[in-house]
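Observations on the three-dimensional arrangement
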Amino acid sequence: MARNQLHRGVSVIARPSGDYLRWVDPRTRRRREQRLPDGMSRKEQTQAAIQQKAKLDAIARRVATGEAREIEAGVDLVAEWVADAATPQTQKNRQQTATLLYELKQTMGSRGWDELVREDLIRFRRIVGKASCRKGSTKNLRLQQARSFLSNLRRLGHRLFIEDSAIADCFVKFKEEPHKGGELLSPAQLQTLFLDLEQRDPELGLFALVLLCTGVRVAEGISIRGEDFVFESGKASVLRVHASKTGQLRNISLKASPLATRILVGLKSIRGDGLLFRPDAKGSPAKRYDSWSHSLRRTFKVMPKSLRATNAAYLSRTPQFSSIFTVAQNLGHSIQVAQKHYVAASNLLDVEQGDTIEGIAMIETIGRAIMRKCGLDLEDVERQIKKTHSTTDKDFEERMWSQLGQAFGGVSAIQLAEMSQKMPEIRKLLDSMRRRGFGNEHE
């Protein structure tokens, strides 16, 4: 065993199996060893020990100043990072990345995460490249999450020798395949699809109508409960869903689809506040998802994402959603994603503008036929809608008379209502405000 004043605290040990460096970790206070490459000369071994001594001194200084924390024995930094995920889906993705990080850790020998070097980052990218995931976008997601892990190390004071510029240089993105978004379906294709669904599987047809008219994903659709559908006096029709990808709550406006409102009103009147689609089905959410998704894909040859993409394209052709911002908000997407994959592609379709999605697709009659075959009472649905709308109109009118009266210098609502009988312009103004949804609590 040889020692040298230049690397005091780091020993060079010769064993039959090879030469090693030995030192005491300034964080864990535990002894550690690292095997040296075979064939190193005594001078090279000494230089390796001096470099290790410099690293240990740097770590010790950061621990002393509080910039780095001491690592408790047995703490798994990767597991901590996975458990700290904000949503279940993010945690699932981090677990897959964690497997690759553990594989990298095995190649690092006795070195800890605080001793990462540039070569480790290059090695990790190779590990990702050889992983079972085939898509370039998935591999890039693994690199992105590895960046998140490294940022977490830095926040905790465990990333000492790797700068952000080195990470950017080593984590070069993989080539991604062209985005395979859903196919945009023409009105003729939608009519053929839903006629087929009406004849062969009306229940699936009703579910597909909700996917098309609301733009929800299959995982979101099977989780819709009656309590998620807001249809009350004085409030716009809204469907609240928990996004399957992010877990965040999203409000979907149904202004562009009266058909979706009718379907949800009918289902809620039968099944209450519980699940609206196959509430008695057994099995995990994954099995319930497959039962709907596979039937659409295999039996009727349509991808569920095509219904979502078509919803976005048709939404942009309605006056209520002529802005890309409103389309993106309804879908729960960023502006860039909605513009790139949905709205821009819709310009390639020969589709006229219309007031509703089902009107543009010309499937209103087919939709009603599917509702009847599923046992929904159309007359009762219309009565419920008319009752709610009549109450909404009455409340709206009283509120508008009051606001207009104040604008006319304190004229009472009753006086203004009487004036409207003699002044058609006031009545036209009120009707215009109602059509635009002015005063609605959810606008």
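How each quantity is defined
- Residues numbered from 1 in each chain as written.
- Predicted model: local features only at pLDDT ≥ 70, side-chain atom pairs only at ≥ 80, totals over all residues.
- Heavy atoms only, no water.
- Helix = DSSP H or I, 4+ residues; strand = E, 2+ residues; numbered from the N terminus.
- Buried < 20%, exposed > 50% of the residue type's maximum accessible area, 1.4 Å probe, protein only.
- Contact = heavy atoms within 4.5 Å.
- Areas by Shrake-Rupley, 256 points an atom, 1.4 Å probe, with all protein chains shown as cover.
- Pairing = 2+ DSSP bridges.
- Axes fitted to C-alpha atoms, helices over the stretch in contact; angles between N-to-C directions.
- Core = buried A, V, L, I, M, F, W, Y, C linked by side-chain atoms within 4.5 Å.
- Parallel < 35°, antiparallel > 145°, perpendicular 65-115°, else oblique.
- Left-handed = near helix turned anticlockwise from the far one by under 90°.
- Nonpolar A, V, L, I, M, F, W, Y, C, P; charged D, E, K, R; others polar.
- Expected span 1.5 Å × (residues − 1).
- Phe/Tyr/Trp six-rings, centres within 6.5 Å; stacked < 30°, edge-to-face > 60°.
- pLDDT = per-residue confidence, 0-100.

**Focus: the overall build of the protein**
Across its full length, the protein holds 19 helices and 6 strands. Taking all 443 residues of the protein together, 44% fall into the buried category. In the protein, the share of contacts with a sequence separation of at least 24, taken over all contacts with a separation of at least 6, comes to 65%. Total accessible area on the protein is roughly 24,200 Å²; 49% of this is exposed by carbon and sulfur atoms.

**A look at the sheet that holds strand S3 (residues 31-35)**
Taken in spatial order, the 3 strands make up an open sheet running S1-S2-S3, and their pairing is antiparallel. Two strands lie at the open edges of the sheet, namely strand S1 (11-15) and S3, each paired on one side alone. Put simply, the sheet's adjacent strands are angled 30° from each other on average, direction ignored. Sheet topology places S1 next to strand S2 (residues 18-24); 5 bridges connect them, and they run antiparallel. Counterpart to Ile13 in the pairing with S2 is Tyr20.

**Digging into the nonpolar core**
Counting 59 residues, the largest nonpolar core has Leu190, Phe194, Leu239, Ile263, Leu307, Tyr314 and Ile363 as the members making the most contacts within it. If we ignore the near neighbours within four places in the chain, the residues touching Phe194 are Gly205, Ala208, Leu209, Leu212, Ile363, Ile366 and Ile370. Counting 27 residues, the second largest nonpolar core, distinct from the first, contains Val82, Leu150, Ala166 and Ile167.

**Quick look at the packing of helix H12 (residues 304-315) against helix H13 (residues 324-331)**
Two numbers describe how H12 lies on H13: the axes approach to 10 Å, and their chain directions differ by 150°. Of the possible angle classes, the one that applies to H12 and H13 is roughly antiparallel. Judged by the sense of rotation from one axis to the other, the crossing of H12 with H13 is right-handed. Of the residues in H13, those in contact with Arg308, Asn311, Ala312 and Leu315 of H12 are Val327, Asn330 and Leu331. In the contact of H12 with H13, the residues fall into 4 nonpolar, 2 polar and 1 charged.

**Digging into helix H5 (residues 136-156)**
Relative to the 30 Å expected for 21 residues at 1.5 Å per residue, H5 spans 30 Å between its end C-alpha atoms, a close match to the ideal helical length. Those residues of H5 that fall on the buried side of the exposure criterion are Gly136, Lys139, Asn140, Arg142, Leu143, Gln145, Ala146, Phe149, Leu150, Asn152, Leu153 and Leu156. Here the buried face of H5 lies against helix H2 (77-83), helix H3 (88-107), helix H4 (118-129) and helix H6 (164-170).

**Focus on the packing of aromatic side chains**
Tallied over the entire structure, the rule returns 7 aromatic pairs. On the basis of an interplanar angle of 80° and a centroid distance of 5.1 Å, the ring pair of Trp113 and Phe149 is categorised as edge-to-face. Here the residue Trp113 occupies a position in the loop between H3 and H4, and Phe149 occupies one in helix H5, the gap between them amounting to 36 residues. For the pair Trp113 and Phe149, one class covers both residues: buried.

**Remarks on the confidence of the model for the protein**
This prediction gives the protein a mean pLDDT of 80; 77% of its residues lie at or above 70. Here residues 437-443 is a poorly scored stretch, pLDDT under 50, and it has 20 contacts once near neighbours within four places are set aside; other chains count.

**Looking at the pairing of S2**
A regular strand carries its side chains on alternate faces of the sheet. The loop that links S1 with its antiparallel partner S2 comprises 2 residues. Examined bridge by bridge, S2 and S3 share 5 bridges and lie antiparallel to one another. Counted as the bridge partner of Tyr20 is Arg35 from S3.

**Thoughts on the sheet that holds strand S6 (residues 249-253)**
What the 3 strands build is an open sheet, ordered S4-S5-S6; its pairing is antiparallel. Every other strand in the sheet has two partners, leaving strand S4 (229-230) and S6 as the edge strands with one partner each. In the sheet, S4 pairs with strand S5 (residues 238-242) via 2 bridges, with the strands oriented antiparallel. Across the sheet, residue Val230 finds its bridge partner in S5, namely Val238.

**Notes on helix H11 (residues 285-299)**
With 15 residues, H11 should cover 21 Å at 1.5 Å per step; its first-to-last C-alpha distance of 21 Å lies within 8% of that length. Residues Arg288, Trp292, Ser293 and Leu296 constitute the buried set of H11. As for H11, its buried residues are in contact with helix H8 (202-214), helix H9 (218-221) and H12. Just past H11, the residue Lys301 takes up positive phi, approximately 55°.

**Focus on unusual backbone geometry**
With a phi close to 45°, Arg278 is a non-glycine residue in the positive phi region. The residue Arg278 is located in the loop between helix H10 (258-271) and H11 in this model. In this structure, Met362 is a non-glycine residue whose phi angle is positive, near 55°. For Met362, the position within the fold is in the loop between helix H15 (357-361) and helix H16 (364-373).

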